Structures are given as structure tokens and as C-alpha cells.
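Here is what each chain is made of, one letter per residue.
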Amino acid sequence: MRKPPHELMLFAAGFGSRMQPLTADLPKPLISVAGRSLLDRTLKLAWVGGISKIVVNTHYLGHKIQDHLKNQPVTVVHETKILNTGGGLKNARSHFEGPAVFTSNGDAIWSGPNPFKVLTQHWRDGCEALLLCAPVSQVEGRAEPGDFSVTEDGTVTRGGDWVYLGVQIIQLGAVESIADEAYSLNLVWDQLIARGTLRTATYTGKWCDIGRPENIALAAKILDSPHV
């Protein structure tokens, strides 16, 4: 088994447009669910999951995230313009030591296995990116369709019933192959699908996307209910 990374890129630069009016004067990562911010919940999962270095990017209301993290052992990279996920990761490349890193969207609630530990257990040779996924029928706050299809031999294609849960391991070399300054990691994944080096790991716990204000109540119920 390939040695897993110990570094994380945590995406926190977005405008959180779908979370209006909550994000009118508060960046989405600082929205609270059951008394704790999404950002703090993700950070705790990462530390417990074995991450030793975390880089957080900011843009919209970035000063509030910077202030929130002032006593945390993390590196904050402020973007003067939105670079999207791929561009944001490439922009922060100099802060990482290893050839691969974890990335996390930081806008979901988890109940069950630690997502970073699940990816660590499934990181294998010959894989350029490993996405944590679950069937759309088993997640909350996310409507059909899903993002991907996965065959029995592990081949990943676009479209299907599997939802990307916002956490992955990715080789940094794959990100740097795109020359654009601002771009989505979806472009990278399409290249990896074509090469047959995109893989998925299945999450067996409960997950809720905090994509709209009404999903906060759904997430609170997940946290209150026992994981089976």
C-alpha cells in the first residue's frame, strides 16, 4: 500500500451563495451546526484523522476566517481573486512537502468513520486521485443525480448514482498539469478518468451537504442519531 499523505488543503474561499442570507456577512465555513462551526468540525476530523499540516485558503470575508484561526496551527493563504478548487490548490502548492495531499470542501456534516482515515486505508499505487463517495440514496441534503458511476473493477466514469462527498487524496502533479490560473478540480478528474487513474472509496457512515440553509436542520438530526 502506498504511504498516505499527512497534509490537507481545506477550501474556504467561496462566496457561499446558496447559503444566503446566512452568508451575507459570515463566510460559509463559520456557519454553526449544533453549536460548532463547519470549519472547526472539519479541522477536528483532520487532526484526529492523522493530518499534521493544514493549509486553508480564503477570499470572501477572509479576514473573519483569519481571525477565527489565529490561535490554530494552520497556514492561511488569502486569494485576491477566486481561483476555484484546482487553481486554489495549485496556488498553495509551495506550502506542501509531499507529492500528494488530502483536500476537503469543509461544508458537510459527518457521522460515522473518520473520512480521512477511510481514504488513508484505501490509498493505493497507480491511483492519482482517490475520492470519498457514497450512493446518492444514502446521503442527506443532496438530490439526484449523483456524480459518478463505479464498476466492479473500480473504473470511474461520469454520471451515475455515486456522490462525491468533498474529501479526496490527490497527486499534486496532476493539478499542475493544467496551465490555467483558475479552474475546477473537475477538469483534473476528467483527465484522470481518461487515464484510468481516478478511484473512489466508499463511505459507510452518514453525511449531509450543507448547501442550503434548510440543510442545517437535517445535519443536526444526523449528529443526534446514532451511527449504525
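Residues numbered from 1 in each chain as written. Predicted model: local features only at pLDDT ≥ 70, side-chain atom pairs only at ≥ 80, totals over all residues. Heavy atoms only, no water.

> Quick question: what am I supposed to make of the environment of A220 here?
The topology assignment puts A220 in helix 7 (residues 215-224). Note: C-alpha distance between A220 and C208 (12 residues apart in sequence) is 9.3 Å. (Helix = DSSP H or I, 4+ residues; strand = E, 2+ residues; numbered from the N terminus.)

> Before we go on, may I ask you to explain helix 6 (residues 185-195) in this structure?
Note: α-helices contain 3.6 residues per turn, so residues at a spacing of three or four share the same orientation. When helix 6 is considered as a whole, its buried residues turn out to be L185, V188, W189 and L192. End-on view of helix 6: buried residues confined to an arc of 100 degrees, all on one side of the axis. Capping of helix 6 at its N-terminal end is provided by S184; its side-chain oxygen lies 3.0 Å from the backbone amide nitrogen of N186. Of the residues trailing helix 6, G196 is marked for its positive phi of about 75 degrees. (Buried < 20%, exposed > 50% of the residue type's maximum accessible area, 1.4 Å probe, protein only. Arc of directions from axis to C-beta. Polar contact = N/O pair within 3.5 Å; in protein donor to acceptor, adjacent residues only side chain to side chain.)

> Looking at this model, I keep getting lost on the environment of E79. Mind explaining?
Looking at the element boundaries, E79 is found in the loop between strand 5 (75-78) and helix 3 (84-91). E79 sits in the buried class, given a relative accessible area of 3%. For the pair formed by E79 and G62, sequence separation is 17 residues and the distance between their alpha carbons is 8.7 Å. One polar contact links the side chain of E79 to the main-chain amide nitrogen of L83, over a distance of 3.4 Å.

> Would you explain the environment of L30 in this entry?
Summarising the element assignment, L30 is placed in the loop between strand 1 (7-12) and strand 2 (32-33). L30 gets classed as buried once you look at its relative accessible area, which sits at 14%. Counting along the chain gives 35 residues from L30 to I65, while the straight-line C-alpha distance between them is 7.4 Å. For L30, the contacting residues outside a window of four places in its chain are S37, L39, K64, I65 and H68. (Contact = heavy atoms within 4.5 Å.)

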